[in-house]
Amino acid sequence: MKKIILSVVTAVMFAACNPYGSEIPRSLVGNYISLNDRGWKLGLFEEFAIYQNDFWNYKSVSDNEIVLTKKNGESATLKFSKSEFSKVVETGECNFPALVFNGDTIVNFDMPSKAFLSGISPWYKTFFENIEPDTSQLKKHEYKIDTAVVRLYIRNTAKGMIAFKKRKQNRLHDFTVLNYLEERSISGFPLDSTEHYGYRYEFKIPVTGISELPSCELCDYHHPHWNYCFPSNKNLNFIVEPGDTLMFYAFEDDISFVSNNASGKIECMGGNARFNAEKNATLGLQDGPYHREINYSDGTKETFDRNLVFAESEVLFSDKFKKIWNLKYGDGGSLLSEDKIFMAVNMFDSVNNTIMASADSLPSTEKNLSLHPDWILCESDSVNTIINPEFITKEMGLSADFVEFYRLMHAVQFYDDFSEPKPFKDFEYQNVINNLSREDYKRYLNDKIKQKERTLYHQNSFSYL
């Protein structure tokens, strides 16, 4: 049995009225954020804990120790005593309850709501002072379809009418993953049949390259006036790499998308947690004009220029964040590489647009495909087309591996999650399968076709009820 000893100091935070009781003292309930790297390290809640990207049960609780356990027998022991941390932010002196975790001070706090609209929040500037630079790099792209695990806790304490109403809704949860092959809808039910303080989920998702998770879709926050609240290749989204395990926390009692992000009510733990924290802290820069002035209700003003965010910032942004920011909002650099293409979905889409506009094409007919059996089949609203792959290899200098992946991507679009399917004709399907040499690609396509057929069957069955 693996045992992990944690030295902690208790944190005291405001807890909502708890009508269902709690297995731990209410003074311990909350999320704990590291001052060393801004990482979310620990979540202690009434009926379970979040640690090391997973959900844990409470085995025992005493005045100075909590023992966590999982079904596989793994345990973690948390030893605690009391302390307090004080830090100055631009809005004034703030005292934050704190704990110590393996020598790392961890605090539980709400950052000021004003921070959301500013260029980079004063909260973020303050708590990223004196940290080590993060120079870790994104994974080198491999042409394979991998899996990542996404866990999610949507907290709902039933405090207030809105929160109580949302508890009564169907808890089937959907979110979107952008994995270059498609904009894929992922659905799941809570892990437990009865959860008093919210709902826990686990999803296994297909990922390729640096796949993206739109925050509003993941955590059910929607606001019609903020463009980044919708899945988009141009938005700065959460990122997930092959093999990652990510844990997300979202606070559902407050339905306002803006105030939730401004209050730090969405957290991420696990792979690329640093990038995802930086993504949350720079929301005010991700929408609207590149250069603008913000007028606050208290009469103060702030100006910022998105192009100068790194040059003028006192914050040590990670290398990963600066690279992806440049791919999303900058010129991406002049050198086109296949690694770069799969670092951001907008880069892939730009390459796709170039190919579709410039490559030789013909209508998709049985005769044309027999004359050009290696051309790539593409969906169209009117007549499907086939395009010449030589433009990709000879003109753009991309590899045969890219061509095969690109062929699979276009094939998957025939069975898109968000539109009516346009099924292959038999000769089209056979052409695609004949040109896919990789078994995982064939399996992904066939699974996609079956999934769409099952969805349509259930929709049609329901329509007759």
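One can find the structure itself at the top, above this paragraph.
> Tell me about the overall build of the protein chain, and name the residues and values.
Counting secondary structure elements, the protein chain contains 13 helices and 23 strands. Per-residue burial over the protein chain gives 54% buried out of 465 residues. Of the contacts formed within the protein chain by residues at least 6 apart in sequence, a portion of 66% connects residues at least 24 apart. Counting every atom, the protein chain has about 21,600 Å² of accessible surface; 50% of that belongs to carbon and sulfur.

> Could you give an account of the packing of aromatic side chains, with specific residues and numbers?
One pass over the full model with this rule turns up 29 aromatic pairs. With 5.8 Å between their ring centres and 75° between their planes, tyrosine 180 and phenylalanine 348 make a pair best called edge-to-face. Residue tyrosine 180 is located in the loop between strand S12 (173-178) and strand S13 (183-188), and its partner phenylalanine 348 is located in helix H8 (residues 345-358); the two are separated by 168 residues in the primary sequence. We note that tyrosine 180, like phenylalanine 348, is buried. Seen in terms of ring centroids, phenylalanine 405 and tyrosine 441 are 6.2 Å apart; in terms of plane orientation they differ by 70°. Their pairing is edge-to-face.

> Provide a residue-level description of the packing of H8 against helix H11 (residues 400-412), including the pertinent values.
The description of two packed helices rests on the angle between their axes and on the distance between the axes. Two numbers describe how H8 lies on H11: the axes approach to 13 Å, and their chain directions differ by 90°. As the angle between them shows, H8 and H11 are arranged roughly perpendicular. Contacts between H8 and H11 involve Phe348, Val351, Asn352, Ile355 and Met356 from the first element and Phe402, Phe405, Tyr406, Met409 and His410 from the second.

> Describe the pairing of strand S2 (residues 30-34), naming the residues involved and giving the relevant values.
Within a regular strand, the side chains alternate between the two sheet faces. Burial runs high along S2: 5 of the 5 residues are buried. Of the strand pairs in this sheet, S2 and strand S3 (residues 40-44) are connected by 4 bridges, and their pairing is antiparallel. Across the sheet, glycine 30 pairs through a bridge with leucine 44, a residue of S3. As defined by bridge partners, S2 adjoins strand S10 (residues 104-107) across 2 bridges and the pair is classed as antiparallel. In the strand pairing of S10, serine 34 is matched with isoleucine 106.

> Any details on the nonpolar core? Residues and values, ideally.
A general trend in soluble globular proteins is that nonpolar side chains are found buried together. In terms of nonpolar packing, the biggest core is built from 55 residues, with Phe348, Ile355, Phe402, Tyr406, Phe424 and Leu445 touching the most fellow members. Within the residue set of this core, elements represented by two or more residues are helix H6 (319-329), H8, strand S22 (376-378), strand S23 (385-387), helix H10 (390-395), H11, helix H12 (426-435) and helix H13 (439-463). The next biggest cluster of nonpolar side chains, apart from the first, holds 29 residues, and it includes Leu28, Ile50, Tyr58 and Ile66.

> So, the pairing of strand S6 (residues 65-69): which residues are in play, and what are the values?
Relative to S6, strand S5 (residues 54-61) runs antiparallel, the two being bridged by 4 bridges. Bridge pairing in S6 places valine 61 opposite isoleucine 66. Linkage of S5 to S6, two consecutive antiparallel strands, is achieved through a turn of 3 residues.

> Just give me the short version of H6, but keep the residues and values in it.
All of the buried residues along H6 are Lys320, Phe321, Ile324, Trp325, Leu327, Lys328 and Tyr329. Along the axis of H6, the buried residues cluster in a sector spanning 165°; they form a single face.

> Go over the sheet that holds strand S11 (residues 146-155), please, and point to the residues and values.
Spatially, S14-S11-S17-S18 is the arrangement adopted by the 4 strands of the open sheet, whose pairing is mixed. With partners counted over all chains shown, the strands left at the sheet margins are strand S14 (198-207) and strand S18 (266-270), one partner each. The mean angle between the axes of side-by-side strands here comes to 20°, regardless of whether they run parallel or antiparallel. Alignment of S11 against strand S17 (residues 245-251), held across 7 bridges, turns out to be parallel. From the neighbouring strand, valine 149 faces S17, where its bridge partner is threonine 245.

> Account for the pattern of salt bridges, with residues named and values stated.
Overall, the coordinates contain 18 salt bridges when judged by the stated rule. In this structure, arginine 200 engages aspartate 192 in a salt bridge whose closest nitrogen and oxygen atoms are separated by 2.5 Å. Each member of the salt-bridge network shares a partner with another, and the members are Asp54, Lys70, Glu74, Arg151 and Glu202.

> Would you mind going over the sheet that holds S22 in detail, with residue names and values included?
The pairing of strands in a sheet comes from backbone hydrogen bonds and takes either a parallel or an antiparallel form. Taking strand neighbours across the sheet as the criterion, the 3 strands line up as S21-S23-S22 in an open arrangement whose pairing is antiparallel. Edge positions in the sheet fall to strand S21 (361-363) and S22, since each of these pairs with one other strand and no more. Ignoring strand direction, the axes of neighbouring strands in this sheet form an average angle of 30°. Alignment of S22 against S23, held across 3 bridges, turns out to be antiparallel. The residue bridging isoleucine 376 from the neighbouring strand is isoleucine 387, located in S23.

> An account of the environment of tyrosine 180 is needed here, citing residue identities and associated values.
Using a relative accessible area of 5% as the deciding quantity, one classes tyrosine 180 as buried. In the structure, tyrosine 180 is positioned 161 residues away from isoleucine 341 in sequence and 9.7 Å away in space, judged by C-alpha atoms. Discounting residues that sit within four places of it in the chain, tyrosine 180 has contacts with Thr208, Gly209, Ile210, Ser211, Ile341, Phe342, Met343, Ala344, Val345, Phe348, Phe405 and Met409. A polar contact of 3.0 Å, which involves the side chain of tyrosine 180, links it to the backbone oxygen of isoleucine 210. A distance of 3.2 Å separates a polar side-chain atom of tyrosine 180 from the backbone nitrogen of alanine 344.

> Which residues make up unusual backbone geometry, and what values go with them?
The backbone of glutamine 52 sits at a positive phi, close to 50°, despite the residue not being glycine. Examined against the element boundaries, glutamine 52 turns out to sit in the loop between strand S4 (49-51) and S5. You can call glutamine 52 partly exposed: its relative accessible area is 39%. Located in the positive-phi region is asparagine 272, a residue other than glycine, with phi close to 60°. Following the sequence through the fold, asparagine 272 ends up in the loop between S18 and helix H5 (273-281). Judged by its relative accessible area of 9%, asparagine 272 is buried.

Definitions and cut-offs
Residues numbered from 1 in each chain as written. Predicted model: local features only at pLDDT ≥ 70, side-chain atom pairs only at ≥ 80, totals over all residues. Heavy atoms only, no water. Helix = DSSP H or I, 4+ residues; strand = E, 2+ residues; numbered from the N terminus. Buried < 20%, exposed > 50% of the residue type's maximum accessible area, 1.4 Å probe, protein only. Contact = heavy atoms within 4.5 Å. Areas by Shrake-Rupley, 256 points an atom, 1.4 Å probe, with all protein chains shown as cover. Phe/Tyr/Trp six-rings, centres within 6.5 Å; stacked < 30°, edge-to-face > 60°. Axes fitted to C-alpha atoms, helices over the stretch in contact; angles between N-to-C directions. Parallel < 35°, antiparallel > 145°, perpendicular 65-115°, else oblique. Pairing = 2+ DSSP bridges. Core = buried A, V, L, I, M, F, W, Y, C linked by side-chain atoms within 4.5 Å. Arc of directions from axis to C-beta. Salt bridge = Lys/Arg side-chain N within 4 Å of Asp/Glu carboxyl O. Polar contact = N/O pair within 3.5 Å; in protein donor to acceptor, adjacent residues only side chain to side chain.

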